[in-house]
Amino acid sequence: MTRKNGLGGGKRMLSHRARTVVGYGLMLAMLAVWQAAPHGFPAIAGVRPIPLVAATVAVAMFEGPLAGGITGMAAGLLWDIYSARLFGFRALLLLIAGCAVGLLIKQLLRNNLLSALLLTGGTGLALTLLDWFFCYVLFRQPDALFILWRRLLPAFLYTWALSPLVYGLTLAITRRIRHSEKN
Amino acid sequence: MKEFFKSIGFRILAGLALLLVGVMIYAASTGGLATVPATLGGLIVTPVQSAFTWVSDGIGAIGNTVGGAFSSEKDEQIAALQEEVNALRRQLAEYESAVAQNAWYAEILGLHEQHTDYTFASGKVIAVDPTDICGNFTINAGSLAGVKPDDAVITAEGLVGAVSEVGLTYAKVRTVLDPDTKVSVLLSRSDETAYTGGTPALAQDGRFKLFYLERTSGAAAGDLVVTSGIGGVFPAGLPVGRITEVFPDSDGMTLTATVEPFAPLSSLKNVMVITSFEGQGEVVP
């Protein structure tokens, strides 16, 4: 009897993981394709958002540091495929960001919209400054400050403005996964 | 917090981070060819990205027909007429799409007729990076279509840029606005040679620079710029752009010019990649 229950528990765990991977995986894939599409998100003064950053933060808030880190890596790889940056660079940054956000929610902050805004703002700004430093300042690219001011920071602000929507979408997916578990 | 750093979860993440560092080192050493993980990712993502781009491009045309679909159904006659209007709008959207497609085929045909020695691969712009300021993009044609790193990318109007990285089913294109794109060019009026090089500030305005023009060259606004063919990377004579401004460098010995490209870089949908041409790889003295 115990053995039977144990097997059932294992199956349930596997099914939960499969549902989680499929749910968040589809969300990431959809956002990645939308983010990269030439006529995807509407451009404001030539600037487009990076919803994959907001998605990494939101998933890390609901699923913890391990899932957050793995989600960040997956999001970064999807971003890197069509980016001019070194393949794996954004994946590494988002892996660290996802893990850090998961830990902050576990230890310090509550999981709510205000925390989502705070964490997306902090993560987005940190990623923007690291991206700028490693890709422009370190290699002494011309007009580095211009790029930060006119492209990277506006893209971060656009992403930040979009983060409540991404948080809401992630919340809906999380509820759906947990609801289907109960049934 | 300490528990997490001792957990298996942390070890998994640390292992993945190390793996990514390895992938980055590998990616830096491939010389324009996509890494195996990027190629595998591209194989899966590129068809989805192409389909999404095709849909998002068509949304504008289809959007006109959607507006009328939710009209009041009180009057059957109005509804029938509305349906007819919607059908006509759909036909119009299809017609506009066919006209655009036809214009693109005409461009390809024209290029083939002008340059019989060129071999082309056609590609659709499927992705851009939101943080990129130079208009670099990805097309849905890769090494399977014969595309190689450094191949010239053009439209009927002129040079767009060069291929910077190639996967099996996709290629990344670096435009002439990018500081890393160096093209040897010729001023059509004076035969003076120069090299292109962008700056982000100029890229924002859709222009790039020509460096190290001789002070005596006589370069002036309005001069046409074409590829020189020196180096054998790009075919000679491809139209690049028109000089908009010329000013002396700080050393007083040379001139710098700003150029507006002929190709509409901000609204590209389809491009052609020149995969081979007569004299490719031959260094012109």
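Residues numbered from 1 in each chain as written. Chains lettered and ligands numbered in written order. Predicted model: local features only at pLDDT ≥ 70, side-chain atom pairs only at ≥ 80, totals over all residues. Heavy atoms only, no water.

Q: What is the right way to read the overall build of chain A from this model?
A: If you tally the helices and strands in chain A, you get 5 helices and 0 strands. Projected onto the principal axes, the alpha-carbon positions of chain A cover approximately 70 × 35 × 30 Å. Expressed as a percentage of its 183 residues, the buried residues of chain A come to 50%. Approximately 9300 Å² of chain A is accessible, and the part contributed by carbon and sulfur atoms is 69%. Measuring between centres, the 18 positive side-chain charges of chain A sit 12 Å from its 5 negative side-chain charges. (Helix = DSSP H or I, 4+ residues; strand = E, 2+ residues; numbered from the N terminus. Buried < 20%, exposed > 50% of the residue type's maximum accessible area, 1.4 Å probe, protein only. Areas by Shrake-Rupley, 256 points an atom, 1.4 Å probe, with all protein chains shown as cover. Lys, Arg positive; Asp, Glu negative; His and termini not counted. Charge placed at Lys NZ, Arg CZ, Asp CG, Glu CD.)

Q: Is there a simple way to think about the pattern of salt bridges in this case?
A: Residues and elements named next belong to chain B. This structure, assessed with the given rule, holds 8 salt bridges over all chains. The partner of Glu165 in a salt bridge is Lys172, and the shortest N-O contact between them spans 3.5 Å. Lys172 shares its class with Glu165; the two are buried. In this structure, the salt-bridge partner of Asp223 is Arg189, at a minimum N-O distance of 2.8 Å. Of this pair, Asp223 sits in the loop between strand 8 (208-214) and strand 9 (224-227) while Arg189 sits in the loop between strand 6 (184-187) and strand 7 (193-197), and the two are 34 residues apart along the sequence. Among the residues examined, Arg189 registers a relative accessible area of 54% and is labelled exposed. (Salt bridge = Lys/Arg side-chain N within 4 Å of Asp/Glu carboxyl O.)

Q: Help me understand the interface of chain A and chain B, please; the structure alone is not making it clear to me.
A: How big an interface is tends to be stated in terms of accessible area lost as the parts join. Contacts between the two partners involve 45 residues from chain A and, on the opposite side, 46 residues from chain B. Here chain A meets chain B over a buried area of about 3900 Å², counting both sides, of which 72% is carbon and sulfur. When residues of chain A are sorted by the area they lose upon contact with chain B, A:Tyr82, A:Phe87 and A:Arg151 head the list and together hold 20% of the total. Counting across the chain A and chain B interface gives 1 salt bridge. We note a salt bridge from A:Arg90 to B:Asp129, for which the minimum N-O separation is 3.1 Å. When residues of the side of chain A that touches chain B are traced back to their parent elements, those giving at least two are helix 1 (2-36), helix 2 (51-81), helix 3 (89-107) and helix 5 (144-182) of chain A. (Contact = heavy atoms within 4.5 Å. Buried area = accessible area lost by both parts, 1.4 Å probe.)

Q: Help me out: how do you make sense of the sheet that holds strand 7 of chain B in this one?
A: Whether parallel or antiparallel, the strands of a sheet pair through hydrogen bonds between backbone atoms. All names here are of chain B. Judged by pairing direction, the barrel is antiparallel, and its 6 strands sit side by side in the order 6-7-8-11-10-9 before closing back on the first. Between one strand and the next, the sheet's axes are offset by a mean angle of 40°, whatever the strand orientation. For strand 10 (residues 239-248) and strand 11 (residues 254-261), the ladder comprises 7 bridges, and the chain directions are antiparallel. The partner of Glu245 across the bridge, within strand 11, is Thr258. (Pairing = 2+ DSSP bridges. Axes fitted to C-alpha atoms, helices over the stretch in contact; angles between N-to-C directions.)

Q: Is there a simple way to explain helix 3 of chain A in this structure?
A: Three or four residues apart is the spacing at which side chains of an α-helix point the same way, because the helix has 3.6 residues per turn. Between its first and last C-alpha, helix 3 of chain A extends 28 Å over 19 residues, near the 27 Å set by a 1.5 Å rise per residue. When you tally the buried positions in helix 3 of chain A, you get 14 out of 19 residues, the bulk of the element. (Expected span 1.5 Å × (residues − 1).)

Q: It is not clear to me how the side chain of A:Asp80 should be interpreted in this structure. Could you clarify?
A: Among the secondary structure elements, A:Asp80 is positioned in helix 2. Despite being buried, A:Asp80 has no salt bridge partner; A:Arg90 is the closest side chain of opposite charge, sitting 4.5 Å away. In this structure A:Asp80 touches A:Leu86, A:Phe87, A:Gly88, A:Phe89, A:Arg90, A:Ala91 and B:Lys172, once residues within four positions along its chain are discounted.

Q: I tried to follow the pairing of strand 10 of chain B on my own but got confused; where do I start?
A: Successive side chains on a regular strand alternate, one facing one side of the sheet and the next facing the other. Residues and elements named next belong to chain B. Summarising the sheet, strand 9 and strand 10 pair through 3 bridges and their orientation is antiparallel. Bridging from a neighbouring strand, Val225 pairs with Gly241 of strand 10. Connecting strand 10 to the antiparallel partner strand 11 that follows it, the hairpin turn spans 5 residues, and Gly252 within it adopts a positive phi of roughly 75°.

Q: When you look at the side chain of A:Thr20 in this model, what are you seeing that I'm missing?
A: Residue and element names in this part refer to chain A. Its location among the elements puts Thr20 in helix 1. You can call Thr20 buried: its relative accessible area is 11%. Setting aside residues up to four positions removed in sequence, Thr20 forms contacts with Gly25, Glu63 and Ile177.

Q: How do you make sense of the packing of aromatic side chains when you look at a structure like this?
A: In this description, a pair of aromatic rings is defined by centroid distance and the angle of the planes. All names here are of chain A. In this structure the tally under the stated criterion is 12 aromatic pairs over all chains. Three or more aromatic residues joined by ring pairs form one cluster here, namely Phe89, Phe133 and Phe134. Seen from the ring of Trp79, Arg90 lies directly overhead, with NZ or CZ sitting 4.0 Å from the centre. (Phe/Tyr/Trp six-rings, centres within 6.5 Å; stacked < 30°, edge-to-face > 60°. Lys NZ or Arg CZ within 6 Å of the ring centre and 35° of its normal.)

Q: What should I look at first to understand the environment of B:Met253 in this one?
A: By secondary structure assignment, the location of B:Met253 is in the loop between strand 10 and strand 11. Along the backbone, B:Met253 and B:Leu187 are 66 residues apart, and their C-alpha atoms lie at a distance of 18 Å.

Q: Please clarify how the pairing of strand 11 of chain B should be interpreted in this entry.
A: Residues and elements named next belong to chain B. Most of strand 11 sits out of view: 7 of its 8 residues are buried. Taken together, the 5 bridges between strand 8 and strand 11 define a ladder with antiparallel strand orientation. Bridge pairing in strand 11 links Lys209 to Thr258.

Q: Can you help me understand the packing of helix 2 of chain A against helix 5 of chain A in this one?
A: Residues and elements named next belong to chain A. The N-to-C vectors of helix 2 and helix 5 enclose an angle of 40°; their axes lie 8 Å apart at closest approach. It follows from the interaxial angle that helix 2 and helix 5 lie oblique. The two elements helix 2 and helix 5 cross, and the hand of that crossing is right-handed. Where helix 2 approaches helix 5, its residues Pro51, Val53, Ala54, Ala55, Ala58, Val59, Met61, Phe62 and Glu63 are matched on the opposing element by Thr159, Leu162, Ser163, Val166, Tyr167, Thr170, Leu171, Thr174 and Arg178. (Parallel < 35°, antiparallel > 145°, perpendicular 65-115°, else oblique. Left-handed = near helix turned anticlockwise from the far one by under 90°.)

Q: Sorry if this is basic, but what is going on with the nonpolar core here?
A: As a rule of thumb, nonpolar side chains are buried together in soluble globular proteins. By size, the foremost hydrophobic cluster in this structure holds 103 residues, and its most contacted members are B:Phe137, B:Ile139, B:Leu159 and B:Leu210. Take this core: its biggest share by element is 13 residues, from helix 2 of chain A. Ignoring anything within four residues of it in the chain, the contact list for B:Phe137 reads B:Val125, B:Ala127, B:Val128, B:Val160, B:Ala171, B:Lys172, B:Val173, B:Thr175, B:Leu268 and B:Val271. The next biggest cluster of nonpolar side chains, apart from the first, holds 12 residues, and it includes A:Ala36, B:Ala27, B:Ala127 and B:Tyr170. (Core = buried A, V, L, I, M, F, W, Y, C linked by side-chain atoms within 4.5 Å.)

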